[in-house]
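Here is what each chain is made of, one letter per residue.
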Amino acid sequence: QKKENVAEYKPGAVMIAMITKSPILPVYIKKRDKWWQSQKVMIGDKINIEDYIESKIPTMEDISKVTKILKQEEELLAELLEKKEIKTILNNTLI
């Protein structure tokens, strides 16, 4: 199931993170309906690329695997934000 607001991932971010030995911080930014609405952002835990790659020289399969993990993490953040918004709406209507 494809999420509308989750962008397609390309392997470049994973490759840069591997070269610089930097973690990737997954972030989901919800698209606003109107420009004056506040921006909603969910930030996940950092992902260390080395935790997912077994060989010294990563293959395209390794890079694709990590890219898929990043996409799944962003989809999870989108779902969490949606649940949080629904809970807030329900709480406000119960008052």
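Residues numbered from 1 in each chain as written. Predicted model: local features only at pLDDT ≥ 70, side-chain atom pairs only at ≥ 80, totals over all residues. Heavy atoms only, no water.

Colleague: I'm lost on the nonpolar core in this one. Help?
Modeller: Nonpolar side chains tend toward joint burial in soluble globular proteins. If you look at the biggest cluster of nonpolar residues, it comprises 10 residues: Val-14, Ala-17, Met-18, Ile-24, Ile-47, Ile-49, Ile-53, Ile-63, Val-66 and Leu-70. Those elements that place two or more of their residues in this core are helix H1 (12-20) and helix H2 (60-94). In contact with Leu-70, other than residues within four places in its own chain, are Tyr-9, Val-14, Ile-24 and Ile-47. Counting five residues, the second-largest nonpolar core is a separate cluster that includes Tyr-28, Met-42, Leu-77 and Leu-81. (Core = buried A, V, L, I, M, F, W, Y, C linked by side-chain atoms within 4.5 Å. Buried < 20%, exposed > 50% of the residue type's maximum accessible area, 1.4 Å probe, protein only. Helix = DSSP H or I, 4+ residues; strand = E, 2+ residues; numbered from the N terminus. Contact = heavy atoms within 4.5 Å.)

Colleague: Whenever I open this one, the pattern of salt bridges confuses me. Can you help?
Modeller: Between side chains of opposite charge, pairing is possible as soon as their charged atoms come close. Under the criterion given, the structure shown has one salt bridge. Notably, a salt bridge pairs Lys-71 with Glu-75, separated by 3.8 Å at the nearest N-O pair. Separated by four residues within a single helix, Lys-71 and Glu-75 lie in helix H2, roughly one turn from each other. (Salt bridge = Lys/Arg side-chain N within 4 Å of Asp/Glu carboxyl O.)

Colleague: Please clarify how unusual backbone geometry should be interpreted in this entry.
Modeller: Across the chain, the bulk of peptide bonds are trans and the bulk of non-glycine residues have phi less than zero. The phi dihedral of Lys-21 is positive, around 55 degrees, even though this residue is not glycine. Examined against the element boundaries, Lys-21 turns out to sit in the loop between H1 and strand S1 (27-29).

Colleague: How do you make sense of H1 when you look at a structure like this?
Modeller: Because an α-helix packs 3.6 residues into every turn, residues spaced three or four apart end up facing the same way. Turning to H1, its buried residues number three or more, namely Val-14, Ala-17 and Met-18. What you see down the axis of H1 is that its buried residues fit within an arc of 100 degrees, all on one side. For H1, the exposed residues set more than 90 degrees away from the buried face come down to Ile-16 and Ile-19. Once H1 finishes, Lys-21 follows within two positions and takes phi at roughly 55 degrees, a positive value. (Arc of directions from axis to C-beta.)

No statement about biological role is implied by the geometric values presented.
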